[in-house]
Amino acid sequence: MGFHNRHHPEPINAMTVDLEDWGQAVLDPRLPVTPRVVENVYRLLDFLDAHKVRATFFALGRVCEQYPDLLPAVAAAGHEIGSHGYGHELIYNLTPEQFEADIRQATTVIESQSGRRPIGYRAPAFSITNRSSWAGPILSRNGFCYSSSIFPVRKRRYGIPDAPRFPYRWADCDLWEFPLTTVRLAGWNLPLCGGGYTRLLPAALMAAGIRSLNRQGRPAILYLHPYEMATGEVSWFRQQGYSISSKRYFMQSLWRSRVPARLGRLFAEFRFASVGEVLRLNSIDDPAQTPEDHPELCLLNS
Ligand SMILES: [Zn+2]
């Protein structure tokens, strides 16, 4: 099935945030959640509000449990709430039973704080790979309508290099996948939008990539972490006594101060909305399909 929006030559792109703390995401998922995440989330909410962008926040259950005011603030700002699981363990390191317990624990926290069951999911560190593709049917039977967890690239720790590059339906379950955005270059898929790439890639290159996709009627999806634009993040963790190698310190600190201007430029040129909104608009606008073809999409804006 195609995902080509024939009515809108300039598609709406998806903006996403993985709501998590730097230590668990980058160093070790078992580390304590620090108050840095609170400051970083509020800074990001102000930034998105200033640019009038409504995003999807994939929330980590453990963070929300420790700081119960965060998720209500994100929801009140008009953003869609999805799940990033509970403990940020990589899926291919878990058994299917452990994975199911993790997403259920996260759903309980998220639903109790936001009043809604999350229907979108993002895997920790894109850890749905060929080794963990059993995760899709488990997400589907736990009420998820979509996942944005597969990076169609070849990386040491993540990626399914031959996965489709644009939103598609999983073959063996009732689930949409919105894969992370790549561009094709010399026969390779290269990651384009998000996380550290937002710090490392020139804004002009990212803009050119999105422009080219949008001209083909394809939506891009951007992902960001609340700590990505916090300039003192890595040195704060080092000051607290966390062990951080020099290479990691350098790579993780690089060009954080450039992120707001880069994102601001993208927000000025392109249209962005939550994943639920993008999937709903694109699918239902396709004249070959009707809302009845996708009853799950009716949930997206309910
Ligand atoms: Zn994460």
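Residues numbered from 1 in each chain as written. Predicted model: local features only at pLDDT ≥ 70, side-chain atom pairs only at ≥ 80, totals over all residues. Heavy atoms only, no water.

Asks: Please set out the pairing of strand β9 (residues 188–191) residue by residue, giving values where relevant.
Replies: In the case of a regular strand, side chains alternate between the two sheet surfaces. Only one face of β9 is buried: it carries N189 and P191, and the other face, with W188 and L190, is open. Pairing of strand β8 (residues 182–185) with β9, which is carried by 4 bridges, proceeds in the antiparallel orientation. Paired with T182 across the two strands is P191, which belongs to β9. Counting the residues in the hairpin turn of β8 and β9 gives 2 residues, including A186, whose phi is positive at 50°. (Buried < 20%, exposed > 50% of the residue type's maximum accessible area, 1.4 Å probe, protein only. Helix = DSSP H or I, 4+ residues; strand = E, 2+ residues; numbered from the N terminus. Pairing = 2+ DSSP bridges.)

Asks: Which residues make up the coordination of the zinc ion, and what values go with them?
Replies: Under perfect tetrahedral coordination by four donors, a metal shows angles of 109.5 degrees; under perfect octahedral coordination by six donors, it shows angles of 90 or 180 degrees. Binding of the zinc ion to the protein goes through E20 (OE), H84 (NE2) and H88 (NE2), at separations of 1.9 to 2.1 Å. For the zinc ion, the donor residues sit on a single chain with the sequence spacing E-x63-H-x3-H. By relative accessible area, which is 0% here, H84 ends up buried. On the basis of relative accessible area, H88 is assigned to the buried category, the value being 6%. (Donors = N, O, S within 2.8 Å, 3.2 Å for Na, K, Ca; no water.)

Asks: Summarise the environment of Y197; cite the residues concerned and give the values.
Replies: Note on placement: Y197 falls in helix α7 (residues 195–200). For Y197, the residues in contact, after removing those within four places along its chain, are F151, K155, Y158, P191, L192, M206 and Y223. (Contact = heavy atoms within 4.5 Å.)

Asks: Describe a nonpolar patch on the surface, naming the residues involved and giving the relevant values.
Replies: Taken together, the side chains of L200, F250, M251 and W255 present a nonpolar region at the surface, about 360 Å² in accessible area. A relative accessible area of 35% means that M251 is categorised as partly exposed. (Patch = residues over 30% accessible without salt bridge, like charges linked within 9 Å, V, L, I, M, F, W, Y side chains within 5 Å. Areas by Shrake-Rupley, 256 points an atom, 1.4 Å probe, with all protein chains shown as cover. Salt bridge = Lys/Arg side-chain N within 4 Å of Asp/Glu carboxyl O.)

Asks: Break down the nonpolar core for me, citing the residues and quoting the values.
Replies: With 62 residues, the main nonpolar core has L19, L48, F57, L222, F267 and F272 as its most contacted residues. Ranked by residue count, the leading element in this core is helix α2 (residues 36–50), at 6 residues. Judged by nonpolar contacts, the second largest core, of 18 residues, contains Y121, I138, A163 and Y168. (Core = buried A, V, L, I, M, F, W, Y, C linked by side-chain atoms within 4.5 Å.)

Asks: Run through α2, naming residues and quoting values.
Replies: With 15 residues, α2 ought to run about 21 Å at 1.5 Å a step, and its terminal C-alpha atoms sit 21 Å apart, in line with that. Within α2, the full set of buried residues consists of R36, V37, N40, V41, L44, L45, F47 and L48. Each buried residue of α2 sits inside an arc of 165° when the element is viewed along its axis, so together they form one side. Summarising the geometry of α2, the exposed residues directed more than 90 degrees from the buried face are D46 and A50. Phi turns positive one or two residues past the end of α2, at K52, with a value near 55°. (Expected span 1.5 Å × (residues − 1). Arc of directions from axis to C-beta.)

Asks: Could you give me a rundown of the packing of aromatic side chains, with the residues and numbers involved?
Replies: When we look at a pair of aromatic rings, we describe it by the centre distance and by the angle of the planes. A complete count under the given rule lists 14 aromatic pairs for this structure. Residues F126 and Y223 carry aromatic rings whose centres are separated by 5.1 Å and whose planes lie at 75° to one another, so their mutual orientation is edge-to-face. One end of the pair, F126, is in the loop between β4 (120–121) and α6 (135–141); the other, Y223, is in strand β10 (residues 221–224), and 97 residues separate them in sequence. With respect to class, F126 is no different from Y223; both count as buried. An aromatic cluster of at least three residues, connected via ring pairs, comprises W22, W236, F237 and Y242. Between R238 and the ring centre of Y249, over which it is positioned, the NZ or CZ distance is 4.2 Å. (Phe/Tyr/Trp six-rings, centres within 6.5 Å; stacked < 30°, edge-to-face > 60°. Lys NZ or Arg CZ within 6 Å of the ring centre and 35° of its normal.)

Asks: Go over the packing of helix α8 (residues 203–215) against helix α11 (residues 259–269) with me, naming the residues and quoting the values.
Replies: Packed helix pairs are characterised by how far apart their axes lie and by the angle those axes make with each other. Two numbers describe how α8 lies on α11: the axes approach to 10 Å, and their chain directions differ by 30°. With respect to their mutual orientation, α8 and α11 come out roughly parallel. In the packing of α8 onto α11, the handedness of the crossing is right-handed. Taking contact as the criterion, the partners of A203, A204, M206, A207, I210 and R211 in α8 are, on α11, R262, R265, L266 and E269. (Axes fitted to C-alpha atoms, helices over the stretch in contact; angles between N-to-C directions. Parallel < 35°, antiparallel > 145°, perpendicular 65-115°, else oblique. Left-handed = near helix turned anticlockwise from the far one by under 90°.)

Asks: Pulling in residues and values, what's your account of the pattern of salt bridges?
Replies: Summed over all chains, the structure comprises 10 salt bridges. Close ionic contact of R36 with E233 constitutes a salt bridge, the shortest N to O distance being 2.6 Å. Note that R36 is positioned in helix α2 and E233 in helix α9 (residues 233–239), a separation of 197 residues in sequence. Considered together, R36 and E233 belong to a single accessibility category, that of buried residues. Linked through salt bridges whose partners overlap, the residues forming this network are E100, R104 and R141.

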